[in-house]
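Each chain, letter by letter, is given below.
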Amino acid sequence: MELPPHEGPVLSVVDMHTGGEPLRIILSGYPEVKGESVLSKRRYVREHLDYLRRALMFEPRGHYDMYGALVVESEIPEADLGVLFMHNEGYSTMCGHAIIALGRFAVDYKLVQEPRSPETQVNIHCPCGLVKAFVEYSNGKTGGVRFHSVPAFAFATDVIVAVPGHDEVTVDISYGGAFYAFVSAERFGLDIIKSKTRDLVDAATAVTNSVKSQVKLHHPTSEDLAFLYGTILTDGKDAYSQEPTANMCVFADAQVDRSPTGSGVTARVALQYHKGLIQLNQTRHFQSGATGSLFTGKAVQETICGDFKAVVVEVAGRAHYTGVASFVQESDDKLKLGFLLK
């Protein structure tokens, strides 16, 4: 397709979704991303190239809940690729739904060596660390993806925070490549499946704001990881069951995850394991309160992260392609750098 009149670089992308949650993978058009590590590259794009995040995530090219991934070089020899995650507020340190999509993408777009059946391993270096993805591969076609997380751990349980309009609320805080607060939607008189999305978002956002202002987080390996990414409202069904348990993640600037949230499932499994509610290799099904899509999750190995007892969590799901696009800018377009409606 012939490009229309434009100035500057063409931003080429592949669009996918995992369980309904979008992922815009940026193929080309970015300037050089400087930095000696993936974490330093994250700082660099935040400080120097953020206008491109806004151009691709915001309207008119994206929307309030768009999510993106920029493939970068990794300093780790065993990594097949590095990645920076982006959303409506900035840059995440981990994203499970993106890992599932990137696993397929890396095999299909030949970012790894010869694919192998029945699975091809793809090592993806995220800002939180190295994540190993395993992509189903048969007869030249990719399928479902599972990944092994960085060490995940319960940071604190039964933390009481004052939430305006809701008095004191008890939350758990857990890490799955990013920190999340967990609380049952029932605490706010809400139902994960039946309640209006706006009511769930308002409750989760209120919790996030309160935890950010009242609880100091820290991570054993880097202060760049020590921030609350969002709040996950659950159906309260934390005890092991073969039936799905539902949750909804509200992250960044009140952005709603359409999937069950890969890093959130990781953190939730670590929390359940910490509480003795599940055992190693007990698989649970996690359902998105937004779309009904499913991931599976299980703790597969005990480990440590600093002083925290941790687990490696396996999360599995499916991603699908939705299209490719080439985005351009015109110099006289006053909205070329994007906008959001709240």
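For the structure, see preceding data.
Residues numbered from 1 in each chain as written. Predicted model: local features only at pLDDT ≥ 70, side-chain atom pairs only at ≥ 80, totals over all residues. Heavy atoms only, no water.

Asker: Can you break down the environment of Val215 residue by residue, with the values?
Answerer: With respect to the secondary-structure elements, Val215 resides in the loop between helix H4 (197–214) and strand E11 (228–234). Judged by relative accessible area, Val215 falls into the buried class, the value being 19%. Sequence-wise, Val215 and Leu228 are 13 residues apart; in three dimensions their C-alpha atoms are separated by 9.4 Å. Other than its neighbours up to four places away in sequence, Val215 contacts Val159, Val161 and Ile173. (Helix = DSSP H or I, 4+ residues; strand = E, 2+ residues; numbered from the N terminus. Buried < 20%, exposed > 50% of the residue type's maximum accessible area, 1.4 Å probe, protein only. Contact = heavy atoms within 4.5 Å.)

Asker: I'd like to hear about the pattern of salt bridges, residue by residue, with values.
Answerer: Going through the model one piece at a time under the given rule, you end up with 14 salt bridges. The closest approach of N and O atoms between Asp108 and Arg104, which form a salt bridge, is 3.9 Å. Placement of the pair is Asp108 and Arg104 together in helix H3 (residues 96–108), with a separation of four residues, close to one helical turn. The exposure class assigned to Arg104 is buried, which follows from its relative accessible area of 13%. Arg146 serves as the salt-bridge partner of Glu119, at 2.8 Å between the closest nitrogen and oxygen. Of the two residues, Glu119 is situated in strand E5 (residues 119–126) and Arg146 in strand E7 (residues 141–148); the sequence distance between them amounts to 27 residues. (Salt bridge = Lys/Arg side-chain N within 4 Å of Asp/Glu carboxyl O.)

Asker: Describe the pairing of strand E3 (residues 68–72), with residues and values.
Answerer: When a strand is regular, its side chains alternate between the sheet's two faces. Within E3, four of the five residues are buried, leaving the element largely enclosed by the surrounding structure. With three bridges joining them, strand E2 (residues 21–28) and E3 adopt parallel strand pairing. What sits directly across from Ile26, in E3, is Leu70. Here E3 runs beside strand E4 (residues 81–86); their pairing, made up of five bridges, is antiparallel. By the bridge assignment for E4, Val71 is matched with Val83. (Pairing = 2+ DSSP bridges.)

These results come straight from atomic positions and should not be treated as a statement about function.
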